[in-house]
Amino acid sequence: MKILHVLDDINHRMIMTIIRILDVEKTRTETQQELIVYSLSCIINEMEKFVFLTIIFAIQGRLAKFWIAFLGLVSLRIFIGGMHRETTLGCILQSLLSFEAILILNERFSLCAWMQYCVWLVLLTLIWKQAPIVSPKRACYPELKRMRFKAIAITVLLVDFMIVNVVSNTYTNCLSWTIAFQMIESSIVALKNRKEDKQNE
């Protein structure tokens, strides 16, 4: 549907304007240009998503917990990757549903210690085996940079682990559910990618 691509068209025009202002085409290689375009696209998309979701959860009176979940998810997702949608609007709607699910689970259930340990163990394994789960729109990174992403993702996860185990309140439970959600999403994408790889063999 064309309406789903309206926001993408606006964002693309903004990015191309920035590229012309920075005179990137004359000073960068084609690969560097692709990375710059992708990076600008990610920044603009995340800003739009954050503003939209902040308004929605502020209206609901759940802004503080949303910020905890958003920071927890983004700090991991940047380096691990996850599910992707073809349009910015689709991405925003998916994010809205994801954060609604995280906050509802946080409000109704508390993750016990052994469940948290299982989540961390599975996510650590996924980071080592699969991360980063790259978007089709993203430029391919060399192996050294991929290993750097893995190292940073594991560091962030360990910091989250220490926070949850040192401080015990409703906000750390929200962070635990955020990490669990990232684990579930990464597992689904990893299984899907493995299935596609087998079909392509």
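Note that this is a predicted model, so its numbers are computed, not measured.

About the criteria used
Residues numbered from 1 in each chain as written. Predicted model: local features only at pLDDT ≥ 70, side-chain atom pairs only at ≥ 80, totals over all residues. Heavy atoms only, no water. Helix = DSSP H or I, 4+ residues; strand = E, 2+ residues; numbered from the N terminus. Expected span 1.5 Å × (residues − 1). Buried < 20%, exposed > 50% of the residue type's maximum accessible area, 1.4 Å probe, protein only. Patch = residues over 30% accessible without salt bridge, like charges linked within 9 Å, V, L, I, M, F, W, Y side chains within 5 Å. Areas by Shrake-Rupley, 256 points an atom, 1.4 Å probe, with all protein chains shown as cover. Salt bridge = Lys/Arg side-chain N within 4 Å of Asp/Glu carboxyl O. Core = buried A, V, L, I, M, F, W, Y, C linked by side-chain atoms within 4.5 Å. Contact = heavy atoms within 4.5 Å. Polar contact = N/O pair within 3.5 Å; in protein donor to acceptor, adjacent residues only side chain to side chain. Phe/Tyr/Trp six-rings, centres within 6.5 Å; stacked < 30°, edge-to-face > 60°. pLDDT = per-residue confidence, 0-100.

Participant: I'm lost on helix H7 (residues 143-166) in this one. Help?
Facilitator: Structurally, the α-helix is built with 3.6 residues per turn, so residues lying three or four positions apart point the same way. Between its first and last C-alpha, H7 extends 35 Å over 24 residues, near the 34 Å set by a 1.5 Å rise per residue. Along H7, the positions that sit buried rather than exposed are Phe149, Lys150, Ala153, Val156, Leu157, Asp160 and Val164.

Participant: Looking at this model, I keep getting lost on a nonpolar patch on the surface. Mind explaining?
Facilitator: Together, Val6, Ile10 and Met14 line one region of the surface with nonpolar side chains, adding up to about 240 Å² of accessible area. Of note, methionine 14 is situated in helix H1 (residues 6-22). Exposure remark for methionine 14: the relative accessible area of 39% places this residue in the partly exposed category.

Participant: Would you take a moment to explain the nonpolar core for this structure?
Facilitator: One finds Phe57, Phe66, Leu76, Phe99, Leu123, Leu157 and Ile179 to be the most contacted residues of the largest nonpolar core, which totals 31 residues. For this core, the secondary-structure elements that each account for two or more residues are helix H3 (30-60), helix H4 (63-80), helix H5 (88-108), helix H6 (113-129), H7 and helix H8 (170-200). The contact partners of phenylalanine 66, leaving out residues within four places of it in the chain, are Phe50, Leu53, Thr54, Phe57, Phe99 and Leu103.

Participant: Please clarify how the side chain of serine 95 should be interpreted in this entry.
Facilitator: Along the chain, serine 95 turns up in helix H5. By relative accessible area, which is 9% here, serine 95 ends up buried. At a separation of 3.5 Å, a polar atom in the side chain of serine 95 contacts the side chain of lysine 49. Not counting chain neighbours up to four residues away, the residues in contact with serine 95 comprise Lys49 and Leu53.

Participant: Where do I start with the packing of aromatic side chains in this structure?
Facilitator: The geometry of an aromatic ring pair comes down to the distance between the two centres and the angle between the two planes. In this structure the tally under the stated criterion is 6 aromatic pairs. Arranged with centres 4.8 Å apart and planes meeting at 15 degrees, the rings of phenylalanine 57 and phenylalanine 66 form a pair that is stacked. Overall, the relative accessible area of 0% leaves phenylalanine 66 in the buried class. In this structure an aromatic cluster arises from ring pairing among Phe50, Phe57, Phe66, Phe70 and Phe99.

Participant: Where do I start with the confidence of the model for the protein in this structure?
Facilitator: Predicted coordinates in regions of low pLDDT should not be interpreted in detail. Across the protein, pLDDT averages 79, with 84% of residues at or above 70. Summarising per-element confidence for the protein, the mean pLDDT is lowest in helix H2 (residues 24-27) (65) and highest in H5 (89).

Participant: Just checking my understanding: could you explain the pattern of salt bridges for this structure?
Facilitator: For side chains of opposite charge, pairing can occur when their charged atoms come near one another. One pass over the full model with this rule turns up 3 salt bridges. With a shortest N-O distance of 2.5 Å, arginine 62 and glutamate 100 are connected by a salt bridge. Of this pair, arginine 62 sits in the loop between H3 and H4 while glutamate 100 sits in helix H5, placing them 38 residues apart in sequence. Take arginine 62: its relative accessible area is 16%, and that puts it in the buried class. Put simply, glutamate 107 and arginine 62 hold a salt bridge, and the shortest N to O gap is 3.1 Å. Of this pair, glutamate 107 sits in helix H5 while arginine 62 is found in the loop between H3 and H4, placing the two residues 45 residues apart along the sequence. Among the ionic contacts, a cluster of salt bridges with common partners joins Arg62, Glu100 and Glu107.

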